[in-house]
Amino acid sequence: MKRKLAGFGLAFSVAELAAAYLPPLASVLTAAVFLFLIPVFLAERSGSRRPFLPVIAGVAAGLLWSELFCWMVVRPAQALAGKTVQCTAVIQTDCSSSWQQGSLRGTLLLTEVDGKKTSLRVSCTAFPYGEPGEKFTAQFLLDSLPADRYRMSRYSDGIWLSAEYVEGWQPAGTVRSLRLWLYQLRRELSQRLSLYLPRDLAGLESAMLLGDSSRLDDALSNTFRTAGISHLLAVSGLHVALLCGLLSFGRKRTFSRILLALQAVALIFYMGLTGFPISVLRAGIVFLIALAGYAMLRPPDALTSLGAAAVLIGLQPFAPCDIGFQLSFCGVLGVQAAGGLARRERQCFLRCLETDELPKILSMLLGLLETVQAACFASLATFPVLLAHDMTTSGVAVLSNLLVVWMLGPALHMGLLALLFSALPFLDPVYHGVSFALGVWLKGMVSLAGFCANLPAARLCLPRKYTLFVLGLLAALALVFYCAGKMLHYIPTAAVCVTAAILLGSWMQKDVIQIAMLGTAGNACTVIIQNSRAAVLFRGGTPNRRAVSEYLASHGALVVETLIDLRTDPKQETLDAETLIPMEELPEGLTQIALLDTITADLYHDDGGNLAVLDAGGYHVAAAAGEVSLSEPVSADLFLAAGGYPQAVNARVILTNQENPRWRKAVVDERIYLGTDTPMVTLRPGRSVVFEEVRKIAVQ
């Protein structure tokens, strides 16, 4: 292996991922299989055992370091779970408004616990209002983090516990730090960008240039996500590369090392200004290594630098669990693979033409092909990561990247110029002009993104587990064909497999019903999807409306065909839907309607409340708001519980997203499933019922 550090670093990160996501025994077995297959593969190709030693060392080091870190750092912190403690807490910069009026939610840094100095970061959903950097004392109940989709993301940020505010809030001053100063500077610069730009465009520029997404418009974010270019909205290696390009001059001069040092200082400052997200850390480390290489007159190697970045970031073993880490590294590996293929293509043409230099037209065509290949390989490399995290996948990602990504550089450069001119009052007309040009440029960028997002192939709704299984089979086939030296035969084989997988998947998903509970705990609404058509049983207000919109966007931006408003006092607006049924306007008693393809709904309404009972092939699902009165209880296979469990329903199974509902003590025989994030039910009428993202809880 020529790039030993690259192999060590990437194997180190893979081992940390296995240790984080898998049970200890499973991670060890996974590592054993990995250590067996890689040596066999490399020995087959090279006839030597030495090339794969860095990979073996990386896997072993990753597993050992993960276990040591957990033993020294994580477990002592988690030993505080279940205790009520007196703390001194500092509000961190990620705080935002909580669902409780006058409260915040976010991360707290506990500097003192029961009189002992500490440095413990905790996640809290509601604590007294304050500004980032403010310090206070209070009592908190510490607990383990909920086992939802955000758990590993919090672990990657060094958060091991959740905290519930109890009482005793007292202010204790303000903390001053470099990180807080950089956060305040970022907010001030973001405010300057919004002076002459429309609100939505200012939020877009702030997100791309400064990493401040607090002003980003939801509709615009959904457009970029649907188009497959949401990576432009978060500062990443691409942004760092474009900005560092402004400072990459003077390397051939005698004083180039001074300029290299200035570039390094500017890069570190920009990393701090954006808040040190992992994607920026990865890119920053790679560029710092490159600058060090230039200073020592040694050309840097991209894969070696990437391996070094993986090791340095992986010193916090849960950092590879961050989706930014996974997307960043996979994207870079995809681009590197495209670059390797492009070099082989050029060498092939040089051999065929028997020349040392390609004609200009052919060179330009190959350059264009290389750009397309880089977009394709990067999209393919990040596709499994998006699926694994249940994020939006787009069928036009390659086209969107080719049409829009080139516009990012000028947008960043004009935004930087606008900030520079805004610092000098006498240059306000120039600042205004640059802002106007930036607004026009961003408007074109948004228009192209909207065009791509509105294409029919943009909205892909893929079954996550099935698609990942198919991708795994294709990867295994590629390995087999590569070992056999017949990669040309792999292309038609993969095409046949993909076609068969699509046909089989379409047949398997026909008439399958997916039911998801979304929104606030104890008052969630319900989304029903069948054959790419959606219906909603609506409860709650703005948070629920936003949750449903995001869920539908992640499942192909489905149009709501029918919305049944269960609320007894519907003051706030609901979602847009082709058919809106406010149950408060229905006549008292029973109303029957058809829903989607194979579902019927019985709607019960009276002065006390509303009840909807869905019949999906003989499987009955009920949801209610208020306390409807019926002569006899309605039997249901599944009840989607909100704040109460009405006497009008007799259910075999109860699904809830509330940890300790008030009605729990009244339940006797029913089975209760809890999902604190997005509890789901996949229903195949007459065949199976599968609960996802839930756990069974005992009846008190």
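Cut-offs and rules
- Residues numbered from 1 in each chain as written.
- Predicted model: local features only at pLDDT ≥ 70, side-chain atom pairs only at ≥ 80, totals over all residues.
- Heavy atoms only, no water.
- Pairing = 2+ DSSP bridges.
- Helix = DSSP H or I, 4+ residues; strand = E, 2+ residues; numbered from the N terminus.
- Axes fitted to C-alpha atoms, helices over the stretch in contact; angles between N-to-C directions.
- Contact = heavy atoms within 4.5 Å.
- Core = buried A, V, L, I, M, F, W, Y, C linked by side-chain atoms within 4.5 Å.
- Buried < 20%, exposed > 50% of the residue type's maximum accessible area, 1.4 Å probe, protein only.
- Patch = residues over 30% accessible without salt bridge, like charges linked within 9 Å, V, L, I, M, F, W, Y side chains within 5 Å.
- Areas by Shrake-Rupley, 256 points an atom, 1.4 Å probe, with all protein chains shown as cover.
- Salt bridge = Lys/Arg side-chain N within 4 Å of Asp/Glu carboxyl O.

1. Looking at the sheet that holds strand E11 (residues 579–582)
Link 1 in the chain: Strand order in this open sheet of seven strands is E11-E10-E9-E8-E7-E19-E20, and the pairing throughout is mixed. Lying at the two open borders of the sheet, with one neighbouring strand each, are E11 and strand E20 (688–692). Pairwise comparison of adjacent strand axes, ignoring direction, gives a mean angle of 15° for this sheet.
Link 2 in the chain: Where helix H19 (residues 542–554) meets the sheet, its contacts fall on strand E7 (513–518), strand E8 (525–530), strand E9 (533–538), strand E10 (560–565) and strand E19 (680–684), and the angle it forms with E8 comes to roughly 20°.

2. Overview of the nonpolar core
Link 1 in the chain: One finds Met208, Phe224, Leu442 and Met445 to be the most contacted residues of the largest nonpolar core, which totals 46 residues.
Link 2 in the chain: Looking at this core, the elements with two or more residues in it are helix H5 (178–193), helix H6 (199–210), helix H7 (218–227), helix H8 (237–244), helix H9 (256–273), helix H10 (278–295), helix H15 (408–422) and helix H16 (428–453).
Link 3 in the chain: At eight residues, H16 tops the list of elements feeding residues into this core.
Link 4 in the chain: Discounting residues that sit within four places of it in the chain, Leu442 has contacts with Leu201, Leu204, Glu205, Met208 and Ala411.

3. Things to note about the pairing of strand E17 (residues 649–656)
Link 1 in the chain: In terms of residue burial, E17 counts as a mostly covered element, since six of its eight residues are buried.
Link 2 in the chain: Where strand E16 (residues 634–640) meets E17, six bridges bridge the pair, whose relative direction is parallel. By the bridge assignment, Val634 is partnered in E17 with Val649.
Link 3 in the chain: Pairing of E17 with strand E18 (residues 671–674) involves four bridges; the strand directions are parallel. Along E18, the bridge assignment pairs Thr656 with Leu674.

4. Considerations on a nonpolar patch on the surface
Link 1 in the chain: A cluster of nonpolar side chains, contributed by Leu68, Trp71, Met72 and Val73, occupies part of the molecular surface with about 410 Å² of accessible area.
Link 2 in the chain: Locating Val73 in the fold gives a position in helix H3 (residues 53–78).

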